[in-house]
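Each chain is listed here by its residues.
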Amino acid sequence: MGGVLLAGDFNGDATPDIVWRMWSKGKFVVLLGQGSRTFGSPIEHSSAGEPDVLAAADFNNDGKLDLLSSISIQSASCPAMATAHSNP
């Protein structure tokens, strides 16, 4: 099961979190950091197509970390961005 792993503070609590893209399942998994090198239960998010690219940065200059993914839908590539700065 291959994938891409990104680390960053995705929920704004100053604790590192992990986002993992699972190629074989077409899903993203978020692991929210709880401190002391531990993480909460995996939160799975399905995508509308096969995820191609996953990147994290402040793409819209609002001071919050964003996630950017490109998904393939019927041989077309579509970018999708989400601001990941919220507490579940």
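Structure's up top.
The structure reproduced in this document is the subject of the present report.

Thresholds applied
- Residues numbered from 1 in each chain as written.
- Predicted model: local features only at pLDDT ≥ 70, side-chain atom pairs only at ≥ 80, totals over all residues.
- Heavy atoms only, no water.
- Helix = DSSP H or I, 4+ residues; strand = E, 2+ residues; numbered from the N terminus.
- Buried < 20%, exposed > 50% of the residue type's maximum accessible area, 1.4 Å probe, protein only.
- Contact = heavy atoms within 4.5 Å.
- Areas by Shrake-Rupley, 256 points an atom, 1.4 Å probe, with all protein chains shown as cover.
- Core = buried A, V, L, I, M, F, W, Y, C linked by side-chain atoms within 4.5 Å.

1. A word on the overall build of the chain
Looking only at helices and strands, the chain features zero helices and nine strands. Along the chain, helices and strands appear, N-terminal first, in the series β-β-β-β-β-β-β-β-β. Taken across its 88 residues, the chain has 30% of its residues classed as buried. Summarising the internal contacts of the chain: among those between residues at least 6 apart in sequence, 20% fall at separations of at least 24. Element-wise, carbon and sulfur atoms account for 55% of the exposed surface of the chain, whose accessible area totals about 5400 Å².

2. Notes on the nonpolar core
Counting residues in hydrophobic clusters, the biggest one holds eight residues: Leu 6, Phe 10, Val 19, Phe 28, Val 30, Leu 32, Leu 54 and Leu 67. In this structure Val 30 touches Ile 18, Val 19, Ser 41, Pro 42, Ile 43 and His 45, once residues within four positions along its chain are discounted.

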